[in-house]
2 protein chains.
Amino acid sequence: MTSTDAEASSRVGPYVGRPVARREDERLMSGRGRYLADLAAGALSVVFVRSAVPHALINTIDTSAAVGMPGVVGVYTGADLGLVNDHIAELHVPHPAFVDATAFRMAEQRLAIMPTDRVHYVGQPLVALIAVDRYTAEDAMEAVDITYSPLAPCLDADAALREDATPIHRHLRDNEAASIHIEFGGLTPDVTADLTVEGTYRIGRHGAVPLEGRGVLARVDARRVSVWTSTQIPHMVRRGICEATGWATEEVRVAVPDVGGGFGTKANVYAEEIVIAALARRTGRDLVWVEDRQEHLVSAAQGRDQTHRTRLAVDGEGQIVHWADDFTVDIGAGGLWVAGVVANTAIHALGPYRVPRARITGRAAFTNKTITAQYRGAGRPEACFALERSLDDAARRLGLSGAEIRRRNLLTAEDLPYPRPLPYRDGVDVVFDGGDYAGCLEAALELLPVEEIEALQDDHPDLQVGHGVGCYLEATGRGPYETGRVRLMSTGQFEVSSGAASAGQAHETAFAQVAADALRVDLARVRVRQADTDLVEHGIGTFASRSAVLAGSAIRKAADEVRTLATARAAELLGAPVHAVELNDGIFRSHIGEPGSGGVGWDDVARAAAPGGAHEELGPLDVTEVFRPQTVTWTMGAHAAVVGVHRRTGAVRVLAYAVAHEGGVEINPQVVEGQVIGGVAQGIGGTLMEEFRYSPQGQPQSTTFADYLLPSTCDVPEVRVRHLGVDTPGNPLGVRGAGESGTIAVAAAVAAAVEHALGDRVQVTETPISPALLRTALRQEQRA
Amino acid sequence: MTSTDAEASSRVGPYVGRPVARREDERLMSGRGRYLADLAAGALSVVFVRSAVPHALINTIDTSAAVGMPGVVGVYTGADLGLVNDHIAELHVPHPAFVDATAFRMAEQRLAIMPTDRVHYVGQPLVALIAVDRYTAEDAMEAVDITYSPLAPCLDADAALREDATPIHRHLRDNEAASIHIEFGGLTPDVTADLTVEGTYRIGRHGAVPLEGRGVLARVDARRVSVWTSTQIPHMVRRGICEATGWATEEVRVAVPDVGGGFGTKANVYAEEIVIAALARRTGRDLVWVEDRQEHLVSAAQGRDQTHRTRLAVDGEGQIVHWADDFTVDIGAGGLWVAGVVANTAIHALGPYRVPRARITGRAAFTNKTITAQYRGAGRPEACFALERSLDDAARRLGLSGAEIRRRNLLTAEDLPYPRPLPYRDGVDVVFDGGDYAGCLEAALELLPVEEIEALQDDHPDLQVGHGVGCYLEATGRGPYETGRVRLMSTGQFEVSSGAASAGQAHETAFAQVAADALRVDLARVRVRQADTDLVEHGIGTFASRSAVLAGSAIRKAADEVRTLATARAAELLGAPVHAVELNDGIFRSHIGEPGSGGVGWDDVARAAAPGGAHEELGPLDVTEVFRPQTVTWTMGAHAAVVGVHRRTGAVRVLAYAVAHEGGVEINPQVVEGQVIGGVAQGIGGTLMEEFRYSPQGQPQSTTFADYLLPSTCDVPEVRVRHLGVDTPGNPLGVRGAGESGTIAVAAAVAAAVEHALGDRVQVTETPISPALLRTALRQEQRA
């Protein structure tokens, strides 16, 4: 079902497919970005007093001392706000066909916006305090007195899911937030397998930790509240505000300034967004809250935190006979996208392999840790880690290399498209629509030739060098839809907007490329505006590697429609029949009549549409289109890593890294490459360094950058990227999503490389990979 | 050509024609309006160093001392700004037919945005200074050192227009800013007249002086500049900014917050707006300038300042035989709307009378006084004063009352519609389209019965009481066009916007009434948003009594189109043919099939249009329409005033006032009445108190409210208003403009009443009416 090369190349235009320089960089790289905090001047400062304990009944919240302090404008608890005090839960409920096929269940979440009776995690907002400035506000916070009756915290998914566990949410009978069960191929007697390996694999709790934390600014104009927030999902934030406040959609505008990284932690509707919107209307004042780093590390949504119990059965050749993965997800006190993460994990558990029989079971648990969101990959890296680690385990036992066992299982060009006996979350049966997954692995391996790996060992005598691979398949471009709007302005320039909100993904460049090609104009004519509910009334947002696919396609549709409508108008201006008119290089010309005779430009069409023009009655050319994909498109990728383990300290250094991926048309290859490289960097962080740790009492331990370790440029090698352009017919651009690709297989590939470096003397079963574990293995080796 | 009563009443709907309470008042009356200064928090303060002399060469502008002061962010002269340093001039050039018929000429204006070589009036902005706050900025202004070589100021229009006068603008050969000549009916030998009266009538320089002064806020987002300004004409401000900076339209957004009065002084594109927009981009900072009162009184555009030399010839019955008016307008250093004021004055010089022959000549002169704009009435009150005073003079000489001479000249129901042998500025031949002008006068007189006037004299023994009348005709609803936009939002609510910008005219209420009727919904469903170039790309603005007529009609057209489109969609949802579907009370029902069976509401149509709905592919219902009237519609009015002149001081007090006017359909009678009453108040100010005086050296003398006297509530009596609903076919609403009506005949009626009070011992030929002049007459009377 993949398009032919001719089709694919027809999708590449003067701009689409070219590495056009990121237009936003002129601004962003010169310090002229306008992030949320840059809008804050003049607004009163809001700070949140947050729960100091992980699980407790609230006895009293005494704000009286704070209220009277000089410079304090107001102090509000949840009781003061009159909000529908149940935080919204899952926004996208899976299709019934999926629910039926997977026995999918999810609990109703009711995490209070600002609770008054009970707290569920350290960092939960309890009191909003408004003051003339941040200093005053921070001082006054200290005067808010909250007393608690502590309850035993639950900090472990397994414990939370035990039948006798006390539910931490009182409206629920247990702590199960969601569950899923996928089974196909029938029960497989072990006798058909030559080898069965079992394992327990754990991906630790880490998260996005973007350069810019969260932040919200709200202003009131008449009764209308404008909210600027550093979010990936402005339309959903608007919905969340409306649901909690009872306001009509029209009463709220949500707009997004420049955003310094989202990665899923900003694809959430936060209590802070709702509270600040509500308080802005209540006080009539401009209010701003800018998260500080400690606040971010304690209260912004985190990710991962999964445990997979696996059982992989293979035949004597290493070919998969049966695959079982029973996983749990610790979603902390709650998560807007819990269903997404559980379903994502399960559906990605099959990998890009010929898996004839499988049994995948997943459960998400509520615990008294910080809330979670769909952090980059959102279940994909976790599922990948479990399956890839199991394959490596089997390979070792069969005496095969990691590459070899994958070669024997990966789907090839002949296998594809490859149907799977289950529906995707949208209810459409899953079909892996790629080109040649095995070929993709070979491409990754070629990027890191053996002689280069050997040279790396020679160059680093203090390190033990090893290499490993990991493969993944990523469902991208998930629905239900996205909107795109293209306006011909009166000057003949174009304005493009959509429901997708850039958090660094270069929408200003990529979407302009799409529109410029469809409109056949110079890129300079097209301006992309950042997401704003006033620009497009409907939208979903940027997450799940979906913006290029969905918003890109919606913009393409809208631009095509503008071109079609404009051609008819141009024909009228030319006095020619529509079918005779063609648009090239921004000029509409008729091929009837004198060749070389004048055409009309977009400027002329624009002038005609303006008041006083020939098409005044037809009005402006301003088209909003919805793109609704039939289902997702599957992006294949293979990662290859070379690591060095320090012989004395056990510290792991990634020396070389390669990614080959079957993207579709790349609107802007430079942008895609940047996303892949960034994803690898973030993957390295999660694999080797980053972890949100909690004390046995439930106190967060990773509250500064001294404790929560982020990779720096020194920790990330040059990443080689090879793009295998496998077009998809699933959207008019032929694009596949790639936003998460770089992250998914890092833990798997690095873990394999570490094991290889240590001569398989250690089994890496969890992240972050512990130098202590490796030191033990190294000592054994030195002793041996 | 007036509509029948039946037609007129068909135009009145559930809301249109009703005194719906002003929706904006909940906000504005409770202190929750958001005026420009309310948006200022957080922005750096801009102040302008202004010319201290009326006419001079600039030798040096030394900003070096200011630049170094703590808290000063930047100091900019015109030389620093790189603007196309010629202030834009007239935006609406009259139609060639008008130009030909009236020998209309206007000079090219090139008033510099911030001059570096030469100043033309005291208050002209020369240096923009940015500082961290207003206090710092004001202090630093003192450190800017400007040296001048003074030139002789020209402060008198007659002197300026003398052939040997030195042109104050170097690119021009004389000081004539515009001129006009209208003549029809042929030369009339004086022999055909029984009486000829000559006079010189002067309306002093006064102006809008709104409660809120000017103010501009600019913010930069990427390279796009958003400008909030207290203006009546956001689209023209955008154009002015683009012309001066060379930016594309798309690079600038101009939005209007709540505005505390405009009255024409804010229907101007100001240098301050351009400079602040340019500096915002240059500095990347939020910048705000809020005019202070002294600044306003010195540098905001002023108005009036006309002298009319008249010659009225009447027959023995007092019927007009010939009317000649030769007027000059002192437009100060320049005026965006100079052509408008000169043409307006000339075309309104004919009044609502049977004038068989006329010769109207006007010239506008550049002088070294403050710039001018089309202050409420914009030539109409001045023309009215000259003609009405001449009629009163003739009446006295013929022994007729003021009412009687008007009865003999006013057009009656039989005369109307009444063509005039000249084109209007839009090139369309003038036809007075009213109902019965003589009847309108009687209606005004009835509002102030003789016995009541006598009672007023009895009640005020310290005053000498008199009464007078004045009539006027006002061209309203002038083109070229206005835009209206109506959006059906996803909740089934409507959002309405237009190019008209409310400065207090209750657009939020009146436009919602228009839309609600067309859409057949409850008013609560419709929200009107204040003008913003991001909401409608094109627009003209609010001035010249045009918004109800043009924007109201454009909104009506757009709402009608939304209703038509929605009916087709509803028919599809109902499975009924379109012709069978009717919309009533917000529900579309088919009259085919089961009576009483369900209908679909606007909510259903909205849901269907939203993503996921049945009409997703059709997209949102969002219609922008342009209304372009064929020509203006003429509103007749008659004013009657009762005044008391204090026997000792000569101070004039207006004791009673009545206005009868031939409005068309009044969208909201309460709003129209409010406008008429406000207009009378402003007229009383200009007639009795307000004056921008200049010293012989050209220094402004009216720079505080101790010098520039405004009427208070004590100075304005209850105003009785009678509305004679004379519908017009010129627009779909049947409305006539009324925004200026209240102002036009005040000076004429009050002057007549003052003369009457003093037994015609004084002739009032100029405003403000001088108590000193009256004291002289009173003393003569007491001596007699």
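Residues numbered from 1 in each chain as written. Chains lettered and ligands numbered in written order. Predicted model: local features only at pLDDT ≥ 70, side-chain atom pairs only at ≥ 80, totals over all residues.

### Describing the overall build of chain A
Looking only at helices and strands, chain A features 22 helices and 30 strands. Over its C-alpha trace chain A gives a radius of gyration of 27 Å, about what one expects of a compact globule, namely 28 Å for 784 residues. Each principal axis of the C-alpha distribution contributes one length, and for chain A these read about 90 × 70 × 50 Å. Here chain A holds 784 residues, and 60% of them are scored as buried. Here the analysis covers contacts within chain A between residues at least 6 apart in sequence; of these, 82% occur between residues at least 24 apart. (Helix = DSSP H or I, 4+ residues; strand = E, 2+ residues; numbered from the N terminus. Rg over C-alpha atoms; globule rule 2.2 N^0.38 Å. Buried ≥ 20, exposed ≤ 12 C-beta atoms within 10 Å, placed from the backbone. Contact = placed C-beta atoms within 7 Å.)

### Focus: the sheet that holds strand β15 (residues 320-330) of chain B
All names here are of chain B. Strand order across the open sheet formed by 7 strands is β4-β8-β16-β15-β14-β9-β30, with mixed pairing between neighbours. Looking at strand neighbours, the two that pair on one side only are β4 (105-106) and β30 (766-767), the edges of this open sheet. In the sheet, strand β9 (residues 195-206) pairs with β30 via 2 bridges, with the strands oriented parallel. Residue pairing across strands places R202 opposite E766, the latter belonging to β30. In the packing of helix α11 (residues 338-347) onto the sheet, the strands contacted are β4, β8 (176-184), β14 (303-314), β15 and β16 (358-365), and the crossing angle to β8 comes to about 25 degrees. Packing of helix α12 (residues 380-398) onto the sheet brings it into contact with β9, β14 and β15, and relative to β9 it is tilted by some 145 degrees. (Pairing = 2+ DSSP bridges. Axes fitted to C-alpha atoms, helices over the stretch in contact; angles between N-to-C directions.)

### Considering the pairing of strand β10 (residues 215-221) of chain A
Residue and element names in this part refer to chain A. Taken across its 7 residues, β10 has 6 buried, putting it largely inside the fold. Inspection of the sheet shows β10 paired to strand β13 (residues 287-290) by 4 bridges, in the antiparallel sense. What sits directly across from V216, in β13, is W289. Two elements, β10 and strand β11 (residues 224-229), share 6 bridges in a ladder whose sense is antiparallel. Its bridge partner being in β11, V216 is matched across the sheet by T229.

### Section: helix α6 (residues 134-141) of chain A
What α6 of chain A keeps buried is the set T136, A137 and A140 of chain A. One side of α6 of chain A carries all its buried residues, which in axial view fall inside an arc of 100 degrees. (Arc of directions from axis to C-beta.)

### Thoughts on the sheet that holds strand β23 (residues 581-584) of chain B
Residues and elements named next belong to chain B. What the 3 strands build is an open sheet, ordered β23-β24-β25; its pairing is antiparallel. Edge strands, defined here as strands with exactly one partner in the open sheet, are β23 and β25 (600-601). Here strand β24 (residues 587-590) runs beside β25; their pairing, made up of 2 bridges, is antiparallel. Opposite F588, over in β25, you have V600 as the bridge partner. Lying on the sheet, helix α17 (residues 547-574) is in contact with β23, β24 and β25; it crosses β23 at an angle near 120 degrees.

### Brief notes about the relation of the copies chain B and chain A
For the pair chain B and chain A, the superposition axis carries a translation of 0.1 Å, the fit reaches an RMSD of 0.0 Å, and the rotation angle comes to 180 degrees. Read as a symmetry element, the transformation amounts to a two-fold axis. Of the C-alpha atoms belonging to chain B, the one lying closest to the rotation axis is found on G42 of chain B, 1.8 Å away. When you check the interface residues of chain B against chain A, 100% turn up at the interface there too, and the contact is symmetric in its surfaces. (Least-squares fit on C-alpha atoms with pLDDT ≥ 70 in both.)

### Here we look at the packing of helix α16 (residues 507-519) of chain B against α17 of chain B
Describing two packed helices takes the angle between their axes plus the distance from one axis to the other. All names here are of chain B. In contact at an axis separation of 8 Å, α16 and α17 are set at 35 degrees when each is read in the N-to-C sense. Here the hand of the crossing between α16 and α17 comes out right-handed. The residues of α17 that touch α16, namely those facing H507, A510, F511, V514, A515, A518 and L519, are S547, A548, A551, G552, I555, R556, A559, D560, V562 and R563. Across the contact of α16 with α17, the residue classes tally to 11 nonpolar, 3 polar and 3 charged. (Left-handed = near helix turned anticlockwise from the far one by under 90°. Nonpolar A, V, L, I, M, F, W, Y, C, P; charged D, E, K, R; others polar.)

### A look at the nonpolar core
By size, the foremost hydrophobic cluster in this structure holds 258 residues, and its most contacted members are L129, A515, V643, V750 and V754 of chain B. Looking at this core element by element, the count peaks at 12 residues for α17 of chain B. Setting aside chain neighbours within four positions, we find A515 of chain B in contact with V486, F494, V496, V526, I555 and A559 of chain B. Formed by 256 residues, the second largest nonpolar core is a distinct cluster that contains L161, L217, A444 and V721 of chain A. (Core = buried A, V, L, I, M, F, W, Y, C linked by C-beta atoms within 7 Å.)

### Points about the interface of chain B and chain A
Tallying the contact residues gives 33 residues for chain B and 33 residues for chain A. Residue contributions to the side of chain B that touches chain A peak at 3 residues, all from strand β26 (residues 622-627) of chain B. Of the residues in the side of chain B that touches chain A, the class split is 11 nonpolar, 11 polar and 11 charged.

### Let's talk about the domain arrangement of chain A
Residues and elements named next belong to chain A. Entries for chain A in the domain assignment read domain 1 (1-33 + 431-478 + 630-784), domain 2 (42-92 + 106-154 + 209-299) and domain 3 (479-627). Computed from C-alpha coordinates alone, the two centres of domain 2 and domain 3 are separated by 39 Å. Taken together, the contact between domain 2 and domain 3 spans 17 residues of the former and 16 residues of the latter. When residues of the side of domain 2 that touches domain 3 are traced back to their parent elements, those giving at least two are α8 (234-245) and β12 (252-255). It is α8 that contributes the most residues to the side of domain 2 that touches domain 3, 4 residues altogether. A class-by-class count of the residues in the side of domain 2 that touches domain 3 yields 8 nonpolar, 6 polar and 3 charged. (Domains from an automatic or database assignment.)

### Details of the packing of helix α8 (residues 234-245) of chain B against helix α9 (residues 271-283) of chain B
Residues and elements named next belong to chain B. Contact geometry of α8 with α9 gives a least axis separation of 9 Å together with a crossing angle of 60 degrees. Judged by the inter-axis angle, α8 sits oblique to α9. Once α8 is placed against α9, the crossing between them reads as right-handed. Residue-level contacts link V237, G240, I241, A244 and T245 of α8 to E273, I274, A277 and A278 of α9. Its residues placed into classes, the contact of α8 with α9 shows 6 nonpolar, 2 polar and 1 charged. (Parallel < 35°, antiparallel > 145°, perpendicular 65-115°, else oblique.)

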